[in-house]
Amino acid sequence: MKAIVYNGPRDVSVQNVPDAKIEKPTDALVRITTTNICGSDLHMYEGRTSFETGRVFGHENLGEVIAVGAGVERVKVGDQVCLPFNIGCGFCENCEKGLTGFCLTANPGSAGAAYGFAEMGPYQGGQAEMLRVPFADFNCLVLPEDAAEKEDDYVMLSDIFPTGWHATELAGLVPGESIAIYGAGPVGLMAAHSAIIRGAAQVFVVDNHPDRLALARRMGATAISSVEGDAVDQILNHTDGRGTDRGCECVGYQCCDRHGHEHNHLTMNNLVASTKATGGIGVVGVFVPQDPGAQSELAKEGKMAFDFGAFWFKGQTIRTGQANVKAYNRQLAQLIHHGRANPSQIVSHRLALAKGPEAYQHFDARDEGWTKVLLKPAA
Ligand SMILES: NC(=O)c1ccc[n+]([C@@H]2O[C@H](COP(=O)([O-])OP(=O)(O)OC[C@H]3O[C@@H](n4cnc5c(N)ncnc54)[C@H](O)[C@@H]3O)[C@@H](O)[C@H]2O)c1
Ligand SMILES: [Zn+2]
Ligand SMILES: [Zn+2]
């Protein structure tokens, strides 16, 4: 089968690789019809993780079940399914509590497994014609009858819609509150969409890319351009100097200043400054325990110059981590099915798998208009 293979920093190509197949009785085999490129892929694409060369990318996957193992009871051949990017076993202590992003058995010795992801187990990604889905009965979200018609909405349930929702959940958002979201990439835009659906009174989205900020504005959020002035000052001005009730980090450890220089503490310190005393901060942007490619000694060790004093003095809380996709995807699918959510509004490109390498280049450069790329291997 054809798949997008990682050859080294900023180098991917479409190659023939061995077909994905049923390896255990609890597996399903899915023919991929839509698979997205994610900001998480970019950390790996840029060579800023331990992702191995020769492996296949792709953790945002949707398709049709074409085979099931002898131990699969619920999922049937022909089902249209969306796969959470996390692989959970369903029976460990964390999966039982709904913390499927931290499964204890799918990636032994660590907590959390995913398709085509550094440090998250040996699983191949779905930027390919087929994907092996472990623990299929637990992991497959079988989609409603409008699966084909709303495919580009449902595929967002694999990661960024639940992740954006999770950011607002970690921040503790309740209706009527204000929230500031750092990052207008796909995840930040989905956090804004979620915050609006959840009844936030004011939603601010910070970035320096006008095209992405325009999408935030179209969704009903207030765009804060960090090019036009200090983001924190702008948010304080909009909130009578008090700061927002809630804040979300949707950028991650490669956050930049306006000149494009990385400082891993930038967004976290801005969040402390623009969130009110006693406010909550949700961090879904990825931070890593080691970052040998970083510029500063501190960042190389996965540490940052965090404004802990200000944070403590303001009595704020921070919650972090991978989104437990399964905790939300079923309900969010209903919002899509009944027309209350349309996450596909941020899609900028729908391309054949063969165009993947080109798409990686443009998305990685944050070229204007390249907000969210969907690859269509079956087209
Ligand atoms: N926790 C999870 O489960 C989970 C799931 C998916 C993605 N992620 C992570 O979320 C992050 C965002 O993903 P994405 O797909 O939206 O990526 P992206 O890289 O496309 O978007 C990041 C955006 O942040 C902006 N940005 C950079 N520095 C900034 C700053 N100082 N202030 C404000 N904005 C800044 C960039 O201009 C860009 O538009 C990544 O770290 C990704 O790995 C986490
Ligand atoms: Zn993703
Ligand atoms: Zn588990």
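Reading the values: the criteria
- Residues numbered from 1 in each chain as written.
- Chains lettered and ligands numbered in written order.
- Predicted model: local features only at pLDDT ≥ 70, side-chain atom pairs only at ≥ 80, totals over all residues.
- Heavy atoms only, no water.
- Donors = N, O, S within 2.8 Å, 3.2 Å for Na, K, Ca; no water.
- Tetrahedral: all angles 85-135°; square planar, octahedral: opposite > 155°, others 65-115°.
- Buried < 20%, exposed > 50% of the residue type's maximum accessible area, 1.4 Å probe, protein only.
- Domains from an automatic or database assignment.
- Contact = heavy atoms within 4.5 Å.
- Buried area = accessible area lost by both parts, 1.4 Å probe.
- Salt bridge = Lys/Arg side-chain N within 4 Å of Asp/Glu carboxyl O.
- Polar contact = N/O pair within 3.5 Å; in protein donor to acceptor, adjacent residues only side chain to side chain.
- Helix = DSSP H or I, 4+ residues; strand = E, 2+ residues; numbered from the N terminus.
- Nonpolar A, V, L, I, M, F, W, Y, C, P; charged D, E, K, R; others polar.
- Disulfide = S-S within 2.5 Å.
- UniProt positions renumbered as here; feature names shortened; annotations may be inferred.
- Arc of directions from axis to C-beta.
- Core = buried A, V, L, I, M, F, W, Y, C linked by side-chain atoms within 4.5 Å.
- Near = heavy atom within 4 Å.
- Areas by Shrake-Rupley, 256 points an atom, 1.4 Å probe, with all protein chains shown as cover.

Here's the deal with the coordination of the zinc ion (ligand 3)
For a metal with four donors in a tetrahedral arrangement, the ideal angle between donors is 109.5 degrees, while six donors in an octahedron ideally sit at 90 or 180 degrees.
Line of reasoning, step 1. Listed as protein donors to the zinc ion (ligand 3) are Cys89 (SG), Cys92 (SG), Cys95 (SG) and Cys103 (SG); their distances from the metal cover 2.4 Å.
Line of reasoning, step 2. Viewed at the metal, the four donor atoms of the zinc ion (ligand 3) are separated by angles of 100 to 119°, and the geometry they form is tetrahedral.
Line of reasoning, step 3. Positions of the donor residues of the zinc ion (ligand 3) along the chain correspond to the pattern C-x2-C-x2-C-x7-C. Considered together, Cys89 and Cys92 belong to a single accessibility category, that of buried residues.

Focus: the domain arrangement of the protein
Line of reasoning, step 1. Domain assignment breaks the protein into domain 1 (2–159 + 324–375) and domain 2 (161–320).
Line of reasoning, step 2. Each of domain 1 and domain 2 has a C-alpha centre, and the two are 25 Å apart.
Line of reasoning, step 3. Contact residues are listed per partner, giving 29 residues for domain 1 and 24 residues for domain 2.
Line of reasoning, step 4. Each partner contributes to the roughly 2300 Å² buried at the junction of domain 1 and domain 2, and carbon and sulfur atoms together form 59% of this total.
Line of reasoning, step 5. The three residues of domain 1 that bury the most area against domain 2 are His43, Arg48 and Tyr328, which together make up 30% of that side's buried surface.
Line of reasoning, step 6. Where domain 1 meets domain 2, there are two salt bridges.
Line of reasoning, step 7. A salt bridge links Arg48 to Asp291, with the shortest nitrogen-to-oxygen separation between them at 2.8 Å.
Line of reasoning, step 8. For the pair domain 1 and domain 2, the number of links is twelve residue pairs in polar contact (both at pLDDT 80 or more).
Line of reasoning, step 9. The leading source of residues in the side of domain 1 that touches domain 2 is helix H12 (residues 329–337), at three residues.
Line of reasoning, step 10. Class assignment for the residues of the side of domain 1 that touches domain 2 results in 13 nonpolar, eight polar and eight charged.

What to know about the coordination of the zinc ion (ligand 2)
Line of reasoning, step 1. Looking at the zinc ion (ligand 2), the protein donor atoms are Cys38 (SG), His59 (NE2), Glu60 (OE) and Asp159 (OD), and they sit 1.9 to 2.3 Å from it.
Line of reasoning, step 2. Classification of the site at the zinc ion (ligand 2) rests on its four donor atoms, whose angles at the metal span 92 to 130°, yielding the label tetrahedral.
Line of reasoning, step 3. Written as a sequence motif, the donor arrangement for the zinc ion (ligand 2) is C-x20-H-E-x98-D. A residue pair is termed long-range when its members are at least 10 positions apart, and Cys38 in the loop between strand S3 (28–36) and helix H1 (39–45) and Glu60 in the loop between H1 and strand S4 (61–68) qualify at 22 residues. The two residues Cys38 and Glu60 agree in class, both being buried.

Things to note about the state of the cysteines
Line of reasoning, step 1. Applying the stated rule across the entire model yields zero disulfides.
Line of reasoning, step 2. Residue Cys250 stays outside any disulfide, its sulfur separated by 5.3 Å from that of Cys248, the closest cysteine.

Thoughts on the side chain of Asn329
Line of reasoning, step 1. Residue placement: Asn329 occurs in helix H12.
Line of reasoning, step 2. You can call Asn329 buried: its relative accessible area is 4%.

Quick word on the UniProt feature "domain: Alcohol dehydrogenase-like C-terminal" (unreviewed entry) in the protein
Line of reasoning, step 1. UniProt feature "domain: Alcohol dehydrogenase-like C-terminal" (unreviewed entry): in the numbering of this structure it lies at residues 186–318.
Line of reasoning, step 2. Spanning residues 186–318, this segment combines 37% helix with 20% strand, and its end C-alpha atoms are found 22 Å apart.

As for H12
Because the α-helix completes a turn every 3.6 residues, residues three or four places apart line up on one side.
Line of reasoning, step 1. Listed as buried for H12 are Asn329, Leu332, Ala333 and Ile336. Seen end-on, H12 carries its buried residues on one side only, within an arc spanning 110°.
Line of reasoning, step 2. In this fold, the buried residues of H12 make contact with strand S7 (141–142), helix H4 (151–154) and helix H5 (160–171).
Line of reasoning, step 3. Within two residues after H12, Gly339 carries a phi angle of roughly 75°, on the positive side.

Details of the nonpolar core
Line of reasoning, step 1. One finds Leu157, Phe161, Ile181 and Val203 to be the most contacted residues of the largest nonpolar core, which totals 45 residues.
Line of reasoning, step 2. For this core, the secondary structure elements donating two or more residues are H5, strand S8 (178–182), helix H6 (186–197), strand S9 (202–207), helix H7 (210–219) and H12.
Line of reasoning, step 3. Inspection of this core shows a minimum of three residues originating in each of domain 1 (2–159 + 324–375) and domain 2 (161–320).
Line of reasoning, step 4. The residues touching Phe161, leaving out its near neighbours within four places in the chain, are Met156, Met190, His193, Ser194, Ile197, Leu332, Ile336, Ala341 and Pro343.
Line of reasoning, step 5. Counting 23 residues, the second-largest nonpolar core is a separate cluster that includes Leu42, Tyr45, Phe57 and Val373.

Observations concerning unusual backbone geometry
Line of reasoning, step 1. With phi around 45°, Phe135 is a residue other than glycine that occupies positive phi space.
Line of reasoning, step 2. Assignment of secondary structure puts Phe135 in the loop between strand S6 (130–133) and helix H3 (136–139).
Line of reasoning, step 3. The residue Thr278 is not glycine, and still its phi comes out positive at about 75°.
Line of reasoning, step 4. Residue placement: Thr278 occurs in strand S12 (residues 275–283).

Comments concerning the site of ligand 1
Line of reasoning, step 1. Near ligand 1, the surroundings consist of 30 residues, among which Ser40, His43, Asp207, Ala323 and Arg366 are the closest.
Line of reasoning, step 2. Measuring from a nitrogen atom of ligand 1, one finds a backbone N or O atom of Val284 at 2.8 Å.
Line of reasoning, step 3. Protein burial of ligand 1: of its 870 Å² of free accessible surface, 95% is covered by the chains.
Line of reasoning, step 4. When contributions to the shell around ligand 1 are tallied by element, the ones reaching two or more residues are H1, H6 and S9.
Line of reasoning, step 5. In terms of residue count, the dominant contributor to the shell around ligand 1 is H1 (three residues).
Line of reasoning, step 6. For the shell around ligand 1, the two domains that each supply at least three residues are domain 1 (2–159 + 324–375) and domain 2 (161–320).

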